[in-house]
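# Tertiary structure, described
Okay, here's what each chain looks like letter by letter:
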Amino acid sequence: MAILLIGLNYKSAPVEVREKVSLSRPQIEKLSEKIRQVQSFSGCTILSTCNRTEFYVNADSPFAAQENLINLMCEYSGLAPRTLAPYLYIKFNKNAAEHLFTVAAGMDSMILGESQIQGQVQDAYEYALNYGISDNILNTLFMNALTVGKRVRTETQIDRHTLSVSIAAVELAKEYFNGLTDRTVLVLGAGETSELTSRYLISNGIQSIMVANRTFERAQWLAGEIGGKAVKMSELEKYLPVADLIISSTASPVPILEKEDLIKAQKDRQKPLLIIDIAVPRDIHPDVSELDYVKLYDIDDMERKTDENLVARQQETVKAQEIVNEELEDFYFWLDSLWVVPTIVKMRSQIEQIKKTEIERAINRIDHPSEREVHIIEQLANSIVNRWLHRPIINMKSLAGKRADKIECYINAINDLWGLENDEENH
């Protein structure tokens, strides 16, 4: 049994690679059938966001699982192994668990301390449960990760004054235009990220905002929430000429805006157009930036916004790391203790059989024992057994947590000394 992590993120891979490996919820559901058929691991949980895609597996055969998992990633992404491999990071056991805990804490995010990742970790956990691909080890790992995230945000200041990608986009636009008053914005997409972006735009002085979405009813809902105007994706050409700023965050698998679209719509446009594409895969084709009046930023460009308040946030990471270390120790104490559970069960079974035999023998030695006498004998036997087992069980669990490298030796010794394996065969 080993925990294996294979993934890539904004630090290890450019956006053009990440967008190919990224998985939406329907794609995870579709991939689940293949995951369940992989023999080398018993459970899998997939964390996929705009900045990272990570596979966590509980592997019976770690190196076989590693090979199978990379092949699976190559198959669905269309990338050759030699192309994908340089961008991957691979971690095992404690390193894998610690990585997930730091991710949940917002310590590994493009914008340090951002809180959206907490919900994304929760989604990954729930998807794995719903699609039947996780197991008890991974469920516990992810529940502990969620605890880490909650503790870090409650007990530290790491998420104070921090910037999500949405807020970073708006801050970049404010800087570019020297304020957003009298600017017209076109928001492409009406999901959670677009909603957050739109609300932050409104709070920063935007009065003219249009929302386009593949599902027009969703665009109408968001426009109604923020006092904007809903427009149809099929009619973008009408609205592109009046936009000063376009912020895009849809779930489209292909670009929805290309250079030719702008040339056709804008004609003799002279005023600048700022486009911020925070979608993965990208919504805006990179060749749009070839137009003189267009300034295009993608999600990787948001990284520079993390410099603000960075010193204060980094100071909070010291406290956050202490929480990660505490929870990591607790998780591995639990995980390592699983090694000793079968032996503890066999110890209890053996001693319970001895206790039952000796209670019957003691009662048979008393002529006409009363109900009270029987109760006293049983109580005494239970007390002796429980007190005698207490210390060995506590020590075994403690040794499992502190000396995992030696625990197999200890278990074998106990099985031999107590004859537990023989008892199991006899039963």
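Note: the structure precedes this text.
Residues numbered from 1 in each chain as written. Predicted model: local features only at pLDDT ≥ 70, side-chain atom pairs only at ≥ 80, totals over all residues. Heavy atoms only, no water.

### What to know about helix α6 (residues 116-130)
Keep this limit in mind: Comment: elements are numbered from the N terminus, with helices defined as DSSP H or I runs of at least four residues and strands as E runs of at least two. What a helix is expected to span follows from its residue count: subtract one and scale by 1.5 Å. Only protein chains enter the accessibility calculation, which uses a 1.4 Å probe; a residue whose area is less than 20% of its type maximum is buried, one above 50% is exposed, and one in between is partly exposed. Residues are treated as being in contact if the distance between any of their heavy atoms lies within 4.5 Å.
The first and last C-alpha atoms of α6 sit 21 Å apart over 15 residues, in line with the 21 Å expected at 1.5 Å per residue. Residues Ile117, Gln118, Val121, Ala124, Tyr125, Tyr127 and Ala128 constitute the buried set of α6. Each element contacted by the buried residues of α6 is listed here: α2 (25-36), β2 (41-48), β3 (52-59), α5 (93-104) and α7 (136-155). Directly beyond the C-terminal end of α6, a positive phi value near 65° is found at Gly132.

### A few points about the packing of helix α9 (residues 192-203) against helix α10 (residues 216-226)
We count it as follows: Angular values range over 0 to 180 degrees, each being the angle between N-to-C directions of two axes fitted as lines to C-alpha atoms, with helices fitted over their stretch in contact. Roughly parallel refers to an angle under 35 degrees, roughly antiparallel to one over 145, roughly perpendicular to one between 65 and 115, and oblique to any angle outside these ranges. Crossing handedness: left-handed means the near helix sits turned counterclockwise from the far one by under a right angle, and right-handed means the same turn made clockwise. Think of it as three bins: nonpolar holds Ala, Val, Leu, Ile, Met, Phe, Trp, Tyr, Cys and Pro, charged holds Asp, Glu, Lys and Arg, and polar takes everything else, Gly as well.
In the contact formed by α9 and α10, the axes pass within 10 Å of each other and the chain directions differ by 25°. Taken as axis vectors, α9 and α10 run roughly parallel relative to one another. Helix-helix and strand crossings are classified by hand; for α9 and α10 the assignment is right-handed. Where α9 approaches α10, its residues Ser194, Glu195, Ser198, Arg199 and Ile202 are matched on the opposing element by Arg218, Trp221, Leu222, Glu225 and Ile226. When the residues that make up the contact of α9 with α10 are grouped by side-chain class, the tally is 4 nonpolar, 2 polar and 4 charged.

### Digging into unusual backbone geometry
Here the bond from Val280 into Pro281 is cis, since omega is 0°, no more than 30 degrees from zero. Relative to the helices and strands, Pro281 is located in the loop between β9 (273-277) and β10 (294-297). Even without being glycine, His368 reaches a positive phi, approximately 50°. As for its placement among the helices and strands, His368 is situated in the loop between α14 (341-364) and α15 (371-402).

### Here's the deal with α7
With 20 residues, α7 extends 28 Å from end C-alpha to end C-alpha; this agrees with the ideal 28 Å at 1.5 Å per step. Summarising burial for α7: 14 of the 20 residues are buried, a large majority.

### A word on the pattern of salt bridges
Under the convention used in this document: Only one rule defines a salt bridge in this text: a Lys or Arg side-chain nitrogen within 4 Å of an Asp or Glu carboxyl oxygen.
Applying the stated criterion across every chain yields a total of 22 salt bridges. In this structure, Arg52 engages Glu54 in a salt bridge whose closest nitrogen and oxygen atoms are separated by 3.0 Å. Here Arg52 and Glu54 have matching classes, each one buried. A salt bridge links Arg183 to Asp244; its shortest N-O distance comes to 4.0 Å. Separated by 61 residues along the polypeptide, Arg183 in the loop between α8 (165-177) and β5 (184-188) and Asp244 in the loop between α11 (236-239) and β8 (245-248) bring together distant segments of the chain.

### Points about the sheet that holds β9
What counts is decided by this rule: Strands pair, by our definition, only if DSSP identifies at least two bridges between them.
Within the open sheet, the 6 strands sit side by side as β7-β6-β5-β8-β9-β10. Their pairing is parallel. The open sheet has two edge strands with one neighbour each: β7 (229-232) and β10. With direction set aside, neighbouring strand axes in the sheet form an average angle of 20°. In this structure, β5 lies alongside strand β6 (residues 208-213), joined through 5 bridges in parallel fashion. Bridge pairing links Thr184 to Ser208 in β6. Sheet strands touched by α9: β5, β6 and β8. Its angle to β5, the strand with the most contacts, is close to 170°. Relative to β6, α10 is tilted by about 160°, and along the sheet it contacts β6 and β7.

### Observations concerning the pairing of β9
One face of the sheet, then the other: side chains in a regular strand alternate in exactly this way. Inclusion rule: Here is how to tell: hold the view so the strands point away, follow the path from the first strand over the helix to the second, and if it runs clockwise the crossover is right-handed.
Burial within β9 is extensive, with 5 of its 5 residues counted as buried. Burial along β9 is two-sided: the face carrying Leu273, Ile275 and Asp277 and the face carrying Leu274 and Ile276 are both buried. Direction of pairing for β8 relative to β9: parallel, over a ladder of 4 bridges. Across the sheet, Ser248 pairs through a bridge with Asp277, a residue of β9. For the segment spanning β8, helix α12 (residues 259-266) and β9, crossover handedness is right-handed. Inspection of the sheet shows β9 paired to β10 by 4 bridges, in the parallel sense. Of the residues in β10, the one forming a bridge with Leu274 is Lys295.

### A word on the packing of aromatic side chains
The condition that has to hold: Under the pairing criterion, centres of Phe, Tyr and Trp rings, with the six-membered ring standing for Trp, must be within 6.5 Å; the plane angle then separates stacked pairs below 30 degrees from edge-to-face pairs above 60, leaving the rest tilted. Distance and angle both matter: a charge sits over a ring if NZ of Lys or CZ of Arg is within 6 Å of the ring centre and within 35 degrees of the ring normal.
For the structure shown, the criterion picks out 9 aromatic pairs. Seen in terms of ring centroids, Tyr56 and Phe142 are 5.5 Å apart; in terms of plane orientation they differ by 90°. Their pairing is edge-to-face. Placement of Tyr56 in strand β3 and of Phe142 in helix α7 is noted, with a sequence separation of 86 residues between them. A relative accessible area of 0% places Tyr56 in the buried class. On the basis of relative accessibility, which here comes to 0%, the residue Phe142 falls in the buried class. Aromatic rings pair up to connect Phe101, Phe331, Tyr332 and Trp334 into one cluster. Across the ring face of Phe216, the terminal group of Lys232 is positioned such that the distance to the ring centre comes to 5.5 Å.

### Concerning the environment of Ala168
The topology assignment puts Ala168 in helix α8. Of the residues examined, Ala168 reaches a relative accessible area of 0% and is grouped as buried. In this structure the C-alpha to C-alpha distance between Ala168 and Asp301, which are 133 residues apart in sequence, comes to 9.8 Å.

### Remarks on the sheet that holds strand β4 (residues 89-92)
The strand order β2-β3-β1-β4 describes an open sheet built from 4 strands, whose pairing is antiparallel. Here the strands that pair on one side only, and so sit at the sheet edges, are β2 and β4. Between one strand axis and the next, the sheet turns through 15° on average, direction left out of account. As defined by bridge partners, strand β1 (residues 2-9) adjoins β4 across 4 bridges and the pair is classed as antiparallel. Within the sheet, the bridge partner assigned to Leu5 lies in β4 and is Lys91. Contacts from helix α3 (residues 62-77) reach β1, β2, β3 and β4, with the element oriented near 30° to β1. Contacts between α6 and the sheet are confined to β2 and β3, with β2 contributing the most and set at about 145° to the helix.

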